Amino acid sequence: AQSVTQLGSHVSVSEGALVLLRCNYSSSVPPYLFWYVQYPNQGLQLLLKYTSAATLVKGINGFEAEFKKSETSFHLTKPSAHMSDAAEYFCAVSDSDSGYALNFGKGTSLLVTP
Amino acid sequence: DGGITQSPKYLFRKEGQNVTLSCEQNLNHDAMYWYRQDPGQGLRLIYYSQIVNDFQKGDIAEGYSVSREKKESFPLTVTSAQKNPTAFYLCASRRGTEAFFGQGTRLTVV
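Residues numbered from 1 in each chain as written. Chains lettered and ligands numbered in written order. Predicted model: local features only at pLDDT ≥ 70, side-chain atom pairs only at ≥ 80, totals over all residues. Heavy atoms only, no water.

What to know about the state of the cysteines
Residue and element names in this part refer to chain B.
Turning to step 1, where the next piece is worked out: Within the structure shown, the criterion is met by two disulfides over all chains.
Turning to step 2, where the next piece is worked out: Covalent S-S linkage joins Cys 23 and Cys 91, the inter-sulfur distance amounting to 1.9 Å. Taking the sign of the torsion about the S-S bond as the criterion, the disulfide between Cys 23 and Cys 91, at about -75 degrees, is left-handed. Placement of the pair is Cys 23 in strand β3 (residues 19–25) and Cys 91 in strand β9 (residues 87–95), with a sequence separation of 68 residues.
Turning to step 3, where the next piece is worked out: Note on Cys 23: relative accessible area 0%, which makes it buried. (Disulfide = S-S within 2.5 Å. Helix = DSSP H or I, 4+ residues; strand = E, 2+ residues; numbered from the N terminus. Buried < 20%, exposed > 50% of the residue type's maximum accessible area, 1.4 Å probe, protein only.)

See below:
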């Protein structure tokens, strides 16, 4: 089955600083990759997705991610953090073996300090 | 507005009781999914259904059951056989490559 690994369960940045959340995937075929954001006691909201069209993917709220096959990575970035970015972020891969269900990483909690 | 509705948002049950979580969608999606979320463990797949009257077990199906009698509905029953049912449960449906999530149900078993 395809899987993803998120490096760092907690990341802290200052407001205005660069946000970098790391995700590496394990797949023998070109994967469909996703980043989701979750606010406390809420469902998940799609930030962006990679479906083999362009390697640099732009999403909502100023986030973007770059698919790097040589590094099997799909890291999420934002040039300047805002207080409202504090949330839980999940990287996920679509698994064709289970009806294209999503296999999620364990999540990264982003803290933004003033 | 189209979307996925999970109800209730909070649910409390006594140990040993079965409980059913509701998931309804009006997006006309064929595929639907149930996930369980625990702190620090991400989301894990319980069951999924790709078409009406058909469903498959996910990674952690033990102690759970589902039905898919209508396209719009995919209820999840947490049975007394589930050893640790307290968790946040999320339902999703899929169109193409994109999944859409409900707001979740937080189940607490006391």
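Structure's up, so let's keep going.
So, the interface of chain B and chain A
Turning to step 1, where the next piece is worked out: Facing the 23 residues of chain B at the interface are 22 residues of chain A.
Turning to step 2, where the next piece is worked out: Contact with chain A buries surface across chain B, with Leu 43, Thr 97 and Phe 101 of chain B losing the most and accounting together for 28% of the total.
Turning to step 3, where the next piece is worked out: Scanning the region where chain B abuts chain A turns up one salt bridge.
Turning to step 4, where the next piece is worked out: Linking chain B with chain A are eight residue pairs in polar contact (both at pLDDT 80 or more), by the criterion used here.
Turning to step 5, where the next piece is worked out: Listed by contribution, the elements that provide at least two residues to the side of chain B that touches chain A are β4 (31–37), β5 (43–51), β9 and β10 (98–101) of chain B.
Turning to step 6, where the next piece is worked out: In terms of residues, the side of chain B that touches chain A owes the most to one element, β5 of chain B, which gives four residues.
Turning to step 7, where the next piece is worked out: The class makeup of the residues in the side of chain B that touches chain A is ten nonpolar, eight polar and five charged. (Contact = heavy atoms within 4.5 Å. Buried area = accessible area lost by both parts, 1.4 Å probe. Salt bridge = Lys/Arg side-chain N within 4 Å of Asp/Glu carboxyl O. Polar contact = N/O pair within 3.5 Å; in protein donor to acceptor, adjacent residues only side chain to side chain. Nonpolar A, V, L, I, M, F, W, Y, C, P; charged D, E, K, R; others polar.)

Observations regarding the layout of surface pockets
Turning to step 1, where the next piece is worked out: The volume enclosed by the largest pocket comes to roughly 360 Å³.
Turning to step 2, where the next piece is worked out: Residues that form the lining of the largest pocket fall into these classes: six nonpolar, ten polar and four charged.
Turning to step 3, where the next piece is worked out: Its boundaries defined by the atoms lining it, the second largest pocket holds a volume of some 280 Å³.
Turning to step 4, where the next piece is worked out: Residue lining of the second largest pocket: 20 residues in total, with Ser 3, Asn 103 and Phe 104 of chain A together with Leu 43 and Asp 59 of chain B positioned closest to the centre. (1 Å grid on protein atoms, 1.4 Å probe; cavity = no way out; pocket = protein on both sides within 12 Å on 5 of 7 lines; lining within 4 Å. Points joined across faces, edges and corners; volume = space filled by probe spheres on them.)

Remarks on the side chain of Gln 37 of chain B
Turning to step 1, where the next piece is worked out: Examined against the element boundaries, Gln 37 of chain B turns out to sit in strand β4.
Turning to step 2, where the next piece is worked out: Polar side-chain contacts of Gln 37 of chain B include one of 2.8 Å to the side chain of Gln 38 of chain A.
Turning to step 3, where the next piece is worked out: Excluding anything up to four places from it in sequence, Gln 37 of chain B contacts Gln 38 and Phe 90 of chain A together with Gly 42, Leu 43, Ala 87, Phe 88 and Leu 90 of chain B.

What about the environment of Ser 80 of chain B?
All names here are of chain B.
Turning to step 1, where the next piece is worked out: Within the secondary structure layout, Ser 80 lies in the loop between β8 (76–78) and β9.
Turning to step 2, where the next piece is worked out: For the pair formed by Ser 80 and Lys 14, sequence separation is 66 residues and the distance between their alpha carbons is 9.8 Å.
Turning to step 3, where the next piece is worked out: With near-sequence residues (within four places) excluded, Ser 80 lies in contact with Gly 16 and Asn 18.

What about the sheet that holds strand β1 (residues 3–7) of chain A?
Residues and elements named next belong to chain A.
Turning to step 1, where the next piece is worked out: The strand order β1-β3-β8-β7-β6 describes an open sheet built from five strands, whose pairing is antiparallel. Each edge of the sheet is formed by a strand with only one pairing partner; in this case those strands are β1 and β6 (56–58). Adjacent strand axes in the sheet meet at a mean angle of 20 degrees when their direction is disregarded.
Turning to step 2, where the next piece is worked out: Pairing analysis gives three bridges linking β6 to strand β7 (residues 64–68), with the strands arranged antiparallel. By the bridge assignment, Leu 56 is partnered in β7 with Glu 66. (Pairing = 2+ DSSP bridges. Axes fitted to C-alpha atoms, helices over the stretch in contact; angles between N-to-C directions.)

Points about the environment of Ser 73 of chain B
Residues and elements named next belong to chain B.
Turning to step 1, where the next piece is worked out: Relative to the elements of secondary structure, Ser 73 occurs in the loop between β7 (64–66) and β8.
Turning to step 2, where the next piece is worked out: Residue Ser 73 is classed as buried on the basis of its relative accessible area of 10%.
Turning to step 3, where the next piece is worked out: Residues Ser 73 and Val 52, spaced 21 residues apart in sequence, show a C-alpha to C-alpha distance of 9.2 Å.
Turning to step 4, where the next piece is worked out: Beyond its immediate chain neighbours, meaning those up to four positions away, Ser 73 contacts Cys 23, Glu 24, Met 32, Ser 67 and Arg 68.
Turning to step 5, where the next piece is worked out: Of the polar contacts made by the side chain of Ser 73, one reaches the side chain of Glu 24; its length is 3.0 Å.

Structural notes on the sheet that holds β3 of chain B
Residue and element names in this part refer to chain B.
Turning to step 1, where the next piece is worked out: One open sheet accounts for four strands, arranged β1-β3-β8-β7; its pairing is antiparallel. Because the sheet does not close on itself, it has two edges, and the strands there are β1 (4–7) and β7. When the angles between neighbouring strand axes are averaged without regard to direction, this sheet yields 20 degrees.
Turning to step 2, where the next piece is worked out: Relative to β3, β1 runs antiparallel, the two being bridged by four bridges. Pairing of Thr 5 across the sheet is with Glu 24, part of β3.

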